[in-house]
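These are the residues of each chain, in order.
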Amino acid sequence: MRAARFVSLATLAWLIAIGFAVVPSAQAPASDEEFDKLMKSVGATVGAMRKNMEGQAAEALAADAKKMVEIQKNNAAFWTARKTQDAADWATAAMNHAAEVEKAASANNMAGAAEHMKLMMGTCGQCHTKYRDKGADGSYIIKKQ
Ligand code: HEC
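Model, not experiment: these values are computed from the prediction.

(A) Representation of the coordination of the iron atom of the ligand. Surrounding the iron atom of the ligand are the protein donor atoms Met 39 (SD) and His 128 (NE2), at 2.0 to 2.4 Å. If you look at the iron atom of the ligand, its six donor atoms make angles of 86 to 179° with each other, and the shape they trace is octahedral. Taken together, the residues Met 39 in helix 2 (residues 32-54) and His 128 in helix 5 (residues 110-131) connect sequence positions 89 residues apart.

(B) View of the site of the ligand. Close to the ligand lie 19 residues, the nearest being Asp 36, Met 39, Cys 124, Cys 127 and His 128. Note that an oxygen atom of the ligand is positioned 2.7 Å from one of the side-chain N or O atoms of Asp 36. A distance of 3.4 Å separates an oxygen atom of the ligand from a polar side-chain atom of Lys 40. When contributions to the shell around the ligand are tallied by element, the ones reaching two or more residues are helix 2, helix 3 (58-81), helix 5 and strand 2 (140-142).

(C) Structural detail: the pattern of salt bridges. Across all of its chains, the model carries five salt bridges by this definition. The partner of Lys 103 in a salt bridge is Glu 100, with the nearest N and O atoms 3.5 Å apart. Placement of the pair is Lys 103 and Glu 100 together in helix 4 (residues 85-106), with a separation of three residues, close to one helical turn. Classification of Lys 103 by relative accessible area gives exposed; the value is 55%.

Parameters at a glance
- Residues numbered from 1 in each chain as written.
- Predicted model: local features only at pLDDT ≥ 70, side-chain atom pairs only at ≥ 80, totals over all residues.
- Heavy atoms only, no water.
- Donors = N, O, S within 2.8 Å, 3.2 Å for Na, K, Ca; no water.
- Tetrahedral: all angles 85-135°; square planar, octahedral: opposite > 155°, others 65-115°.
- Helix = DSSP H or I, 4+ residues; strand = E, 2+ residues; numbered from the N terminus.
- Near = heavy atom within 4 Å.
- Polar contact = N/O pair within 3.5 Å; in protein donor to acceptor, adjacent residues only side chain to side chain.
- Salt bridge = Lys/Arg side-chain N within 4 Å of Asp/Glu carboxyl O.
- Buried < 20%, exposed > 50% of the residue type's maximum accessible area, 1.4 Å probe, protein only.

Here you go:
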């Protein structure tokens with residue numbers, strides 16, 4: 001029983017490693033609709049991060065930041081697939097700052113976490129200014145270049 005469980009975990013870890021190595025964009029959104037869902041999860045995760053920052057809940061903040069790293073990784077992969085380098089770079093910067101938030105929060109360094117959260121939020125505006133638009137119905141869409 002124990003051994004079987006170990007094998008399946010090892011297999012899972014292997015699959016994840018292979019998956020990331022071969023297709024870094026395994027879970028990246030492919031369509032505009034999927035991208036919209038990704039951005040909605042960015043918004044929700046930022047909300048949770050803010051709340052945990054205010055509440056000085058370092059452990060919960062670290063968990064949110066970890067989630068954000070994954071989301072921004074997919075964000076970057078989406079733009080890389082669309083050959084839009086500057087957007088991919090902003091998403092990568094957001095991912096790196098989220099990773100720093102996770103690191104700082106894990107070390108209970110809330111000041112450091114706040115600093116990187118601020119830097120992370122700077123990337124949102126940069127990308128939105130160039131690539132976010134409002135559709136006829138008022139919802140957000142990807143700006144046509
Ligand atoms: C690399 C580009 C890029 C980055 C970085 C980025 N966004 Fe976006 N975001 C977009 C685009 C393009 C849209 C419009 C497309 C859409 O919503 O379907 C958008 C839409 C949104 C929406 C509206 C979603 C909806 O439809 O209701 C929210 C909320 C959002 N972003 C939050 C953020 C936050 C917070 C960050 C930073 C932590 C961020 N985004 C970083 C490109 C980006």
